[in-house]
Amino acid sequence: FALISYACHRYQGVGKNRVVDHLFNRLACEREYVQLHRDTTVQSLLASPLIEDGRIVFQDSPLVRAATHGRILVIDEADKAPVE
């Protein structure tokens, strides 16, 4: 998987995520997906705010769901995340 990402990391829109999704589907592997960006924080990697019945509740992030359910985590745009 890292090879696919490395081989195409400079090219946008060439279908890297589709290839990975197809591979996981063929292998019958469940996956979670997270896209990083310059404003990604540790908090945003752990929980996501959601408005439910007029209240703010926090739901598990894809990272937490992958860890708790034994799924593969696909991290997209890792090069865009802050280094701190």
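Residues numbered from 1 in each chain as written. Predicted model: local features only at pLDDT ≥ 70, side-chain atom pairs only at ≥ 80, totals over all residues. Heavy atoms only, no water.

1. A word on the overall build of the chain
- A count of helices and strands for the chain gives 4 helices and 4 strands.
- Start at the N end of the chain and walk to the C end: the helices and strands fall as α-α-β-α-β-β-α-β.
- Counting only residues that meet the buried cut, the chain has 15% of its 84 residues in that class.
- Within the chain, residue pairs in contact and separated by at least 24 positions form 53% of the contacts whose partners lie at least 6 positions apart. (Helix = DSSP H or I, 4+ residues; strand = E, 2+ residues; numbered from the N terminus. Buried < 20%, exposed > 50% of the residue type's maximum accessible area, 1.4 Å probe, protein only. Contact = heavy atoms within 4.5 Å.)

2. What to know about unusual backbone geometry
- Positive phi, normally seen in glycine, also occurs at Ala-28, with a value near 55°.
- Mapping Ala-28 onto the fold places it in the loop between helix H2 (16-26) and strand E1 (31-35).
- Since its relative accessible area comes to 70%, Ala-28 is described here as exposed.
- Look at Glu-77: it is not a glycine, yet its phi comes out positive at around 60°.

3. A look at the confidence of the model for the chain
- Chain-level pLDDT for the chain is 83 on average; 83% of the residues reach the 70-or-more range.
- Considering each helix and strand of the chain separately, the mean pLDDT is smallest for helix H1 (residues 2-8), with a value of 52, and largest for strand E3 (residues 55-60), with 94. (pLDDT = per-residue confidence, 0-100.)

4. A short note on the pairing of strand E2 (residues 47-52)
- Relative to E3, E2 is paired through 6 bridges, and the arrangement is antiparallel. Along E3, the bridge assignment pairs Ala-47 with Asp-60.
- Counted between consecutive antiparallel strands, the loop separating E2 from E3 contains 2 residues, among which Asp-53 sits at a positive phi close to 55°. (Pairing = 2+ DSSP bridges.)

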